[in-house]
Every structure is written in C-alpha cells, then in structure tokens.
Amino acid sequence: MEYEWKPDEQGLQQILQLLKESQSPDTSTQRTVQQKLEQLNQYPDFNNYLIFVLTKLKSEDEPTRSLSGLILKNNVKAHFHNFPNGVTDFIKSECLNNIGDSSPLIRATVGILITTIASKGELQNWPELLPKLCSLLDSEDYNTCEGAFGALQKICEDSAEILDSDVLDRPLNIMIPKFLQFFKHSSPKIRSHAVACVNQFIISRTQALMLHIDSFIENLFALAGDEEPEVRKNVCRALVMLLEVRMDRLLPHMHNIVEYMLQRTQDQDENVALEACEFWLTLAEQPICKDVLCRHLSNILSTVNQIQDNGIYCIFLHRDLNDHIPLVMNPFDHLMKLMYPFSE
C-alpha cells in the first residue's frame, strides 16, 4: 500500500514563497531563504512538501518545481539515511509515478533525484526501481520512455560497477539486450540514451555486453550516419573504446571504420569531431596503427587539406621512424610531417 500524505495548505504556501524568493538575484534575500530552508530540515515532512511541489503542483512554473526537486536532491545527499520510512517511500513512489512528466525539465529533475537516491546505496533497498524503469521503456508515451531512459542512463553512469555484480543479481543480463533494442527507435533522443547506456560497460568488458558484442557493433554501424549529433558522438565514443578493448571484433571492419572516422573528424558538430579525434590517439597505441594508416594515407591527406583552413586544431598522429606518437597540432603542420616524415 502506497504511503498517503497531504500537505497543510498554509505550510505549502510558505514553502512556495521561499522557493520564489530563492530565485531572487539579491544575495541578501538568497542568504535569508537558505537559512530558513535549513531550519525547515528539522521537520520530518519538509521533504514531502518538496516532492509534492515537484510532482503534484503542475500549475506552478517549471523553474520553481525543478528548484524544489533540486533542494530535495541536496537533502537526499546530506540526510537521506535520517529520513523516516514513510517519507522515503513517498518520495520513491512519486518519482516513479512522475518520470514521464510532460516537461523535459521536470523529467530530468526527477531522473536526477532517482539517481541520487540510488547512489546512496538504495539500489539494493529499492528492488522495484530497475524493473520498473525497464518496463517503462516499452511505454507508448514518449515522455515516459524518454524519462525512464534518462534516469537509467544516469544510473548506468553512476552505478556501473554494482550493476555488474551479484549484489543485484546481475540486472545487466536483462538490461543490455533491452538497450540494444532501442538503437533503432524512431526518436533520436531515445537512440542517444540507448547507446550512452551501453557505452558505460565497454571498458570494463562487462560479461553481459561481451555476450552481445557482435550485435552491439552491428547496431553501431547502423547508426553511423544518424541525423542526431549526440547519437553520432556516442557512436564515435563507442568505437574508440572498442578499439581499446575489443580490437579483434573491429579488425574485419577496420577499413570502413577508418573512413568513417575521417568523415566524423570533419563533422559539422564540434563535439562529434572532437570525439572522432580521440580515435586517432587510441589507434596510435595499437600495433596495427602503421598498417592501417598506410592504406589510408591519401584520404588522410585529403582530410587534412579540407579542414586546415577552418583553424581547428585536430588530434592526429605524428609518424616518426619507428614510433607513432600522439600529438595535438595544427592540421597543416601535420600534413607537412605526413608528406615529409623524415625531414626532421
């Protein structure tokens, strides 16, 4: 049975007034409000008011609702283990019931709150959290699916180690295949979340991912030309990490991967281009570096020629007599070193 709680109207209005005043640019007002908020932490149900404002008062403006959630997040970080059981249950219930709020800002705030609670060791004490979030991914309502994925991405980022442990009965065995299903989702935001979630488990060679590594790589290739920059950035990030830990699976596709990274190094989105540049640094550390680059030298030169006029400093490889030393340099300087590798 869910914990039932209703606010005192006068108390609710007082807290709303404080939340409004806390957004004042006046530092003196902000200081006074902060002192009052700290005093309110003495009352056990103060946090109930905060979650109530965040999730229930949909008539309030979004910044005020979100601020209420962020104050609650700070309280969770500082005092969560002192919360009464009823308060904890109410907050958890409200979070799961409102992860699909129509407002992206409120969804994100609820997701941050869920992640903060999880980081306090509550993944063990909140057994319904991961199954519930995973089930919400199948919702036909976009807001619910996106909100659940946003929360899962944060949990994967913050709690990757415990997710891959017996403590939680290895939920990744279910989660990884689930995430892979959403690589082909119609929403670019959902696709981005899905790739970002799986990426958290590459470097650690998580067994649940290694069992599906070929499917993962195949799905990455399918997203290579995605219209969404965030998806392309996450694809580049995945390939860079795979180059480091699962070169064996990339070798059959290395020609196409190098050509793709050359394209992404020139991506119109700066964040994508910078992520692609990391590929060359990682490749420099691999024994196959020389053979791979020699077969693509003309395209590398062409790429340098095309980007040298825009003033971008890209990460490339300096060919020395026997070594491949990663440097950050002007593309024009690198072009000259490639053309005349023994000139120094």
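That block above? That's the structure.
Remember, predicted model here, so these are calculated numbers, not experimental data.

Would you explain the nonpolar core in this entry?
A general feature of soluble globular proteins is that nonpolar side chains tend to end up buried together. Formed by 99 residues in total, the largest nonpolar core has its most connected members in F179, F216 and F279. Broken down by element, the residue count for this core peaks at ten residues, all from helix 14 (residues 229–245).

Teacher, can you tell me more about the packing of helix 1 (residues 9–21) against helix 3 (residues 46–55) here?
The angle between the axes and the distance between the axes are what describe a pair of packed helices. Where helix 1 contacts helix 3, the axes come no closer than 11 Å and their chain directions differ by 70°. In terms of orientation, helix 1 and helix 3 fall into the roughly perpendicular class. The way helix 1 lies across helix 3 gives a crossing that is right-handed. Residue-level contacts link G11, L12, I15, L16 and L19 of helix 1 to F46, Y49, L50, F52 and V53 of helix 3. When the residues that make up the contact of helix 1 with helix 3 are grouped by side-chain class, the tally is nine nonpolar, one polar and no charged.

Explain helix 16 (residues 254–265) here, please?
One full turn of an α-helix is made of 3.6 residues, so residues set three or four places apart face in the same direction. The first and last C-alpha atoms of helix 16 sit 16 Å apart over twelve residues, in line with the 16 Å expected at 1.5 Å per residue. Restricting attention to buried positions, one finds in helix 16 the residues M254, I257, V258, Y260, M261, L262, R264 and T265.

Even after reading the chapter, I still don't get the pattern of salt bridges, so can you show me in this structure?
Close approach of charged atoms lets side chains of opposite charge pair. As enumerated under the stated definition, the model contains 17 salt bridges in all. Of the charged contacts, one joins D138 and K178 as a salt bridge, the two residues approaching to 2.5 Å between their closest N and O atoms. Of this pair, D138 sits in the loop between helix 7 (129–136) and helix 8 (142–158) while K178 sits in helix 10 (residues 172–181), placing them 40 residues apart in sequence. Judged by its relative accessible area of 15%, K178 is buried. Where D214 meets R249, a salt bridge forms, and the shortest distance between an N and an O atom there is 2.9 Å. Here D214 is found in helix 13 (residues 213–222), whereas its partner R249 is found in helix 15 (residues 247–250), with 35 residues between them in sequence.

Calculation rules
Residues numbered from 1 in each chain as written. Predicted model: local features only at pLDDT ≥ 70, side-chain atom pairs only at ≥ 80, totals over all residues. Heavy atoms only, no water. Core = buried A, V, L, I, M, F, W, Y, C linked by side-chain atoms within 4.5 Å. Buried < 20%, exposed > 50% of the residue type's maximum accessible area, 1.4 Å probe, protein only. Helix = DSSP H or I, 4+ residues; strand = E, 2+ residues; numbered from the N terminus. Axes fitted to C-alpha atoms, helices over the stretch in contact; angles between N-to-C directions. Parallel < 35°, antiparallel > 145°, perpendicular 65-115°, else oblique. Left-handed = near helix turned anticlockwise from the far one by under 90°. Contact = heavy atoms within 4.5 Å. Nonpolar A, V, L, I, M, F, W, Y, C, P; charged D, E, K, R; others polar. Expected span 1.5 Å × (residues − 1). Salt bridge = Lys/Arg side-chain N within 4 Å of Asp/Glu carboxyl O.

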